[in-house]
Amino acid sequence: MSAPVPPSEPLAPRRSANYITLRLDSSGPLWQYQPSGLSVLACRFVKLLGHLAVAVSLLAWLFAPQQVLPALFGIGVGGLFVYLGGLIEQTLDLGAQFDPVRRQIRVLATPMYWQSSAALRRPQTRHIGFDQVAALQLLGKQAHLGSRGGSFSACELNLLLHSGERLNVIDHNGLQQIRQEARRLGQLLQVPVVEQLLPGQ
């Protein structure tokens, strides 16, 4: 099978996750990317911090009723943490899904960590057929750690459609994990996997 040559420019040139965010689960009738243990723990930790902030603020208000503004501020910050943790958890549950029976794929139109916080509230999904996919692209890139100034090697797994459009399936720094999942998905979709990795990856 001749593989098309997809563009070598990453869909998100400097953005990625520096841990394995989702893993492909093919044990059920649907093949779906599920949150990894670390992702679940991170969401729960953020929500726990929020609950603790609310509880501590309420207790402080109870023992010092005159400290209204600090208590309200703590409750607000805690509530925000709980909300954000739940929002990220909900979006992680929308990992790419492959239906072998209906031969359909559901992906996020824009992956979670590429979106603005406003877009996270209403994540948009795309649905495409298996027959619309020409190849899978395994694309290496350098991602940045934001304000910390460091960088790390990461990898995008993208669907290359016959139309020339690319849609992201998963994006993180776990190359071996993504490579294994790409091979399995290539067999499911009956399309080639095109590897375009950085030197040393």
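Up top you'll find the structure we're talking about.
The following paragraphs examine the structure supplied in this document. The structure displayed is predicted, hence computed values, not measured ones.

**Some remarks on the overall build of the protein**
Broken down by element type, the protein carries 4 helices and 9 strands. Listing every helix and strand of the protein by position from the N terminus yields β-β-α-α-β-β-α-β-β-β-β-α-β. Out of the 201 residues in the protein, the part that is buried amounts to 41%. Intrachain contacts of the protein at a sequence separation of at least 6 include 63% that bridge at least 24 residues. Accessible surface computed for the protein: about 10,900 Å², of which carbon and sulfur atoms make up 58%.

**Side note on the pattern of salt bridges**
Using the criterion set out here, one finds 4 salt bridges in the structure. Note that E156 is salt-bridged to K141, the shortest N-O span being 2.9 Å. Of this pair, E156 sits in strand β7 (residues 151–161) while K141 is found in strand β6 (residues 133–144), placing the two residues 15 residues apart along the sequence. Residue E156 is classed as buried on the basis of its relative accessible area of 0%. A relative accessible area of 3% means that K141 is categorised as buried.

**Here we look at the side chain of D99**
As for its placement among the helices and strands, D99 is situated in strand β3 (residues 97–99). The buried charged residue D99 lacks any salt bridge, with R102 as its nearest oppositely charged partner at 4.3 Å. Within the structure, D99 has its side chain in polar contact with the backbone nitrogen of V101 (distance 3.0 Å). In this structure D99 touches L30, Q104 and F130, once residues within four positions along its chain are discounted.

**Describing the sheet that holds β3**
The strand order across the open sheet built from 5 strands is β1-β2-β3-β4-β5, with neighbouring strands paired in antiparallel fashion. At either margin of the open sheet sits one strand with a lone partner, and together these are β1 (22–25) and β5 (125–129). Averaged over all adjacent pairs, the angle separating strand axes in this sheet is 20°, with direction ignored. Sheet topology note: the β3/strand β4 (residues 104–108) ladder contains 3 bridges and is antiparallel. Each bridged residue has a counterpart across the sheet, and for D99 the counterpart in β4 is Q104. Each of β1, β2 (31–35), β3 and β4 is contacted by helix α4 (residues 175–189), which is oriented at about 35° to β1, the strand it contacts most.

The rules we used
Residues numbered from 1 in each chain as written. Predicted model: local features only at pLDDT ≥ 70, side-chain atom pairs only at ≥ 80, totals over all residues. Heavy atoms only, no water. Helix = DSSP H or I, 4+ residues; strand = E, 2+ residues; numbered from the N terminus. Buried < 20%, exposed > 50% of the residue type's maximum accessible area, 1.4 Å probe, protein only. Contact = heavy atoms within 4.5 Å. Areas by Shrake-Rupley, 256 points an atom, 1.4 Å probe, with all protein chains shown as cover. Salt bridge = Lys/Arg side-chain N within 4 Å of Asp/Glu carboxyl O. Lys, Arg positive; Asp, Glu negative; His and termini not counted. Polar contact = N/O pair within 3.5 Å; in protein donor to acceptor, adjacent residues only side chain to side chain. Pairing = 2+ DSSP bridges. Axes fitted to C-alpha atoms, helices over the stretch in contact; angles between N-to-C directions.

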